[in-house]
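Understanding the architecture of this molecule
One letter stands for each residue in the lines below.
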Amino acid sequence: MNKETNMHYGADYKYIPTTSITSGTGIEVLPDLYQFTVQIVNILLIGNPEAEEKFVLIDAGMPKSSEMIITAVEERFGEGRRPEAIILTHGHFDHVGALIELVEEWDVPVYIHELEMPYVTGEKRYPEPDASVEGGLVAKMSPMFPNEPIDLGNRVQQLPTDGNVPHLPEFRWIHTPGHSPGQDSIFREKDRVLIAADAFVTVKQDSLYKVLTQDHEINGPPRYLTTDWQAAKDSVEKLARLNPSVAVTGHGLPMAGEKLTKSLEKLVRNFDDIAIPDYGKYLH
Ligand SMILES: [Zn+2]
Ligand SMILES: [Zn+2]
């Protein structure tokens with residue numbers, strides 16, 4: 001436990017030796033939207049470095065990845081630069097993995113949906129990952145993933161209830177539960193940019209081969225951590241109705257245009273077949 005801030009990770013927090021070919025690389029999706037892959041998960045930087053804008057970090061990567069994230073931020077925005085805030089889409093270990101080191105380095109506020117607060121203030125752990133779920137090797141590995149809650153103490157705040165996103169005036173957050181109770185996706189109306197979080201992803205997250213190669217296809221939320229499939233389905237329908245022009249997701253490469261529209265339509269139409277596992281402990 002860090003004495004100054006009282007923040008600490010769960011007792012089972014550790015480096016996870018799983019990675020993909022895109023780890024350590026970034027993609028400029030738009031001039032003010034940059035996706036960077038940390039092993040198997042994406043973080044996002046919103047803000048245009050050419051226009052010398054302030055910027056915000058979405059999510060905080062894998063355990064033990066803070067140096068990688070700080071380097072990525074400084075390579076894009078310049079040495080010593082720091083975000084205005086860190087917005088979390090949800091509190092799973094692969095989205096909060098470097099959070100404490102980043103908050104200590106940058107001293108910036110952290111925001112998350114109110115229903116995720118217990119999972120990032122040490123009060124509640126998520127249900128155990130389901131290693132028995134229909135899926136591939138990543139699902140089988142999931143029991144080794146950290147599941148004890150991170151405790152950010154008073155360094156984390158609730159997102160405003162009116163849909164506004166602090167420091168991102170053009171964006172609104174949208175509640176997309178199912179994968180986790182308080183997951184939020186983030187949307188910008190003017191160019192219909194969607195930050196989907198893990199509501200749907202563009203790689204089959206439970207297949208180790210597809211995670212390694214980042215095979216580009218839309219899937220439902222990662223199965224081994226999704227506990228409410230009806231809510232997950234409703235959330236995908238909600239996001240599809242926004243008719244996004246480009247989507248960045250928690251796992252996998254960005255997707256845009258007709259491929260995105262068609263893939264989302266297909267996922268909505270066939271959600272039970274594509275997304276919902278045939279067997280697993282969180283089906284009923
Ligand atoms: Zn997740
Ligand atoms: Zn995830």
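Please refer to the structure placed before this passage.
Residues numbered from 1 in each chain as written. Chains lettered and ligands numbered in written order. Predicted model: local features only at pLDDT ≥ 70, side-chain atom pairs only at ≥ 80, totals over all residues. Heavy atoms only, no water.

1. Brief notes about the packing of aromatic side chains
Per the counting criterion, the structure on display carries six aromatic pairs. With centroids separated by 4.8 Å and ring planes inclined at 35°, the aromatic side chains of Phe93 and Phe145 adopt a geometry described as tilted. You can see Phe93 sitting in helix H2 (residues 93-96) and its partner Phe145 sitting in the loop between helix H5 (137-141) and strand E7 (156-158), a full 52 residues away along the chain. Both residues of the pair, Phe93 and Phe145, belong to the buried class. Taking the centre distance of 6.3 Å and the plane angle of 55° together, the rings of Trp229 and Phe271 count as tilted. With a gap of 42 residues between them, Trp229 in helix H7 (residues 229-241) and Phe271 in helix H9 (residues 271-274) connect regions that are remote in the sequence. Through a chain of ring-to-ring contacts, three or more aromatic side chains come together here, namely Phe93, Phe145 and Tyr224. (Phe/Tyr/Trp six-rings, centres within 6.5 Å; stacked < 30°, edge-to-face > 60°. Helix = DSSP H or I, 4+ residues; strand = E, 2+ residues; numbered from the N terminus. Buried < 20%, exposed > 50% of the residue type's maximum accessible area, 1.4 Å probe, protein only.)

2. Describing the sheet that holds strand E12 (residues 255-256)
Ordered by their spatial adjacency, five strands build an open sheet running E8-E9-E10-E11-E12, and the pairing between neighbours is mixed. Each end of this open sheet is capped by a strand with a single partner; those strands are strand E8 (171-175) and E12. Bridging between strand E10 (residues 193-197) and strand E11 (residues 246-249) involves four bridges; their strand directions are parallel. Within E11, the residue paired with Val193 across the bridge is Val246. (Pairing = 2+ DSSP bridges.)

3. Comments concerning the coordination of the zinc ion (ligand 1)
At the metal site, the zinc ion (ligand 1) is ligated by His90 (NE2), His92 (ND1), His179 (NE2) and Asp198 (OD), and these contacts range over 2.1 to 2.5 Å. Its four donor atoms give the zinc ion (ligand 1) angles of 85 to 177° at the centre, a pattern that matches the irregular case. Each donor residue of the zinc ion (ligand 1) lies on one chain, and together they are spaced H-x1-H-x86-H-x18-D. The distance between the zinc ion (ligand 1) and the zinc ion (ligand 2) comes to 3.2 Å, with Asp198 serving as a donor to both metals. On the criterion of sequence distance, the pair formed by His92 in the loop between strand E5 (86-87) and H2 and Asp198 in the loop between E10 and helix H6 (208-213) is long-range, its members being 106 residues apart. Assigned by exposure class, His92 and Asp198 land together as buried. (Donors = N, O, S within 2.8 Å, 3.2 Å for Na, K, Ca; no water. Tetrahedral: all angles 85-135°; square planar, octahedral: opposite > 155°, others 65-115°.)

4. Observations regarding unusual backbone geometry
Unlike most non-glycine residues, Asp59 shows phi in positive territory, near 70°. Looking at the element boundaries, Asp59 is found in the loop between strand E4 (56-58) and helix H1 (66-77). The phi dihedral of Ala197 is positive, around 60°, even though this residue is not glycine. Following the sequence through the fold, Ala197 ends up in strand E10.

5. Looking at the packing of H1 against helix H3 (residues 99-106)
Packing of H1 against H3 leaves a shortest axis separation of 9 Å and a crossing angle of 50°. Classified by the interaxial angle, the pair formed by H1 and H3 is oblique. The handedness of the crossing between H1 and H3 is right-handed. Facing Ser66, Ile69, Ile70 and Val73 of H1, the residues of H3 in contact are Glu101, Leu102, Glu105 and Trp106. Within the contact of H1 with H3, the residues separate by chemical class into five nonpolar, one polar and two charged. (Axes fitted to C-alpha atoms, helices over the stretch in contact; angles between N-to-C directions. Parallel < 35°, antiparallel > 145°, perpendicular 65-115°, else oblique. Left-handed = near helix turned anticlockwise from the far one by under 90°. Contact = heavy atoms within 4.5 Å. Nonpolar A, V, L, I, M, F, W, Y, C, P; charged D, E, K, R; others polar.)

6. Regarding the layout of surface pockets
A probe as big as a water molecule, rolled over the atoms, marks out the empty space that is left. Taken as a whole, the largest pocket holds about 200 Å³ of empty space. Contributing to the lining of the largest pocket are 14 residues, with Ile46, Glu53, His167, Leu168 and Pro169 lying nearest its centre. Here the residues of the lining of the largest pocket are counted per class, giving six nonpolar, two polar and six charged. (1 Å grid on protein atoms, 1.4 Å probe; cavity = no way out; pocket = protein on both sides within 12 Å on 5 of 7 lines; lining within 4 Å. Points joined across faces, edges and corners; volume = space filled by probe spheres on them.)

7. Quick look at the pattern of salt bridges
A pair can form between side chains of opposite charge whenever their charged atoms are brought close. If you walk through the whole model with that rule in mind, you get ten salt bridges. Salt-bridge contacts for Arg188 lead to Glu170; the nearest nitrogen and oxygen are separated by 3.3 Å. Of this pair, Arg188 sits in strand E9 (residues 184-188) while Glu170 is found in the loop between E7 and E8, placing the two residues 18 residues apart along the sequence. Assessed through its relative accessible area of 3%, Arg188 is described here as buried. Overlapping salt bridges bring together Asp32, Glu170, Arg188, Lys190 and Asp191 as one network. (Salt bridge = Lys/Arg side-chain N within 4 Å of Asp/Glu carboxyl O.)

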